[in-house]
Amino acid sequence: MMNCDEILKINGETTEGMEQKDDRLAKCKSNEMERNKIRLMRAYVEKMDPSSKGVDDSTLIRFLRARDLDVKRASVMFLNYLKWRKEFVPNGLISPSQVPNEIAQNKMFMQGSDKKGRPITVVLGARHFQYKDSLDEFKRFLVCALDKLCARMPPGEEKFIVIGDLQGWGYANCDIRGCLAAISFMQDYYPERLGKVLVVHAPYIFMAVWKTLYPFIDQNTREKILFVENKKLKSTLLEDIDESQIPEIYGGKLPLVPIL
């Protein structure tokens, strides 16, 4: 396989500006470095856990990027993920029949795609309530819903968008343990899947809970979370989402469809 310098030499001099060539070269070398990191990581994780041989490169690179391309840290993270998956999802998937109470709350929806083709999910926080043994079922619900979102991604896309709607949210809906579980799952087991979180209609009382959750959210994830002002809701959504793909409740055209 030719390296980046050889490829650019073959292309020769063109009318393309030097700045554009520098950008192309930097991107090419970055991709080349990532491919080398993938090879190193694959060799290590396959040695430690032979069941990882069927894992594709796109999965490994997500774990690498989540650990700043540090092969050792990414490998440890990935092996922990495999162990968790075998224990928590022994049959390979969570059936909707395993999460009846969560589905009955009718709080999460799969809603169109953004301009990049990323699936959109809408979560209505005011419909979330705790109940006896709710944390375990909530965790299963998360896996079932997240797996469905990931399965809906078009080829070449690996992220999804979340609209977290807190209209009507109150202390009765407050679930610190559930929120921490969701944060942990996204960061530890579904790395680099989150494209953006748009938090809408956030009441003032939610900010006290946000202060509790904030320290548990890593910097990469924090940068993807945007609190949207009510008066800028439609215009903010339109920056990423075509009007035909915006939910009806925000002035768009799509009705809400339960994710499960």
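See the structure above.
Procedures and definitions
- Residues numbered from 1 in each chain as written.
- Predicted model: local features only at pLDDT ≥ 70, side-chain atom pairs only at ≥ 80, totals over all residues.
- Heavy atoms only, no water.
- Pairing = 2+ DSSP bridges.
- Helix = DSSP H or I, 4+ residues; strand = E, 2+ residues; numbered from the N terminus.
- Axes fitted to C-alpha atoms, helices over the stretch in contact; angles between N-to-C directions.
- Core = buried A, V, L, I, M, F, W, Y, C linked by side-chain atoms within 4.5 Å.
- Buried < 20%, exposed > 50% of the residue type's maximum accessible area, 1.4 Å probe, protein only.
- Parallel < 35°, antiparallel > 145°, perpendicular 65-115°, else oblique.
- Left-handed = near helix turned anticlockwise from the far one by under 90°.
- Contact = heavy atoms within 4.5 Å.
- Nonpolar A, V, L, I, M, F, W, Y, C, P; charged D, E, K, R; others polar.

Trainee: So what's going on with the sheet that holds strand S1 (residues 108-113)? Which residues, and what values?
Mentor: Spatially, S1-S2-S3-S4-S5 is the arrangement adopted by the five strands of the open sheet, whose pairing is mixed. Every other strand in the sheet has two partners, leaving S1 and strand S5 (225-228) as the edge strands with one partner each. Each neighbouring strand pair of the sheet contributes to a mean axis angle of 20°, computed without reference to strand direction. Sheet topology note: the strand S2 (residues 119-124)/strand S3 (residues 160-165) ladder contains five bridges and is parallel.

Trainee: Which residues make up the nonpolar core, and what values do they have?
Mentor: Within the largest apolar cluster, 53 residues are counted, with the highest numbers of intra-cluster contacts made by Met41, Leu64, Phe78, Phe160 and Tyr190. By residue number, the principal contributor to this core is helix H6 (residues 134-151), which donates nine residues. Grouped together as the second largest cluster of nonpolar side chains are 14 residues, Phe109, Ile161, Ile163 and Ile246 included.

Trainee: Explain the packing of helix H3 (residues 57-66) against helix H4 (residues 71-88) to me, using residue names and the numbers behind them.
Mentor: Between H3 and H4, the shortest axis-to-axis distance is 8 Å and the interhelical angle comes to 120°. Overall, the two elements H3 and H4 adopt an arrangement that is oblique. Note that H3 runs across H4; the crossing there is right-handed. Between H3 and H4, the contacting residues are Thr59, Leu60, Phe63, Leu64 and Ala66 on the first element and Val71, Ala74, Met77, Phe78 and Tyr81 on the second. Taken together, the residues that form the contact of H3 with H4 break down as nine nonpolar, one polar and no charged.

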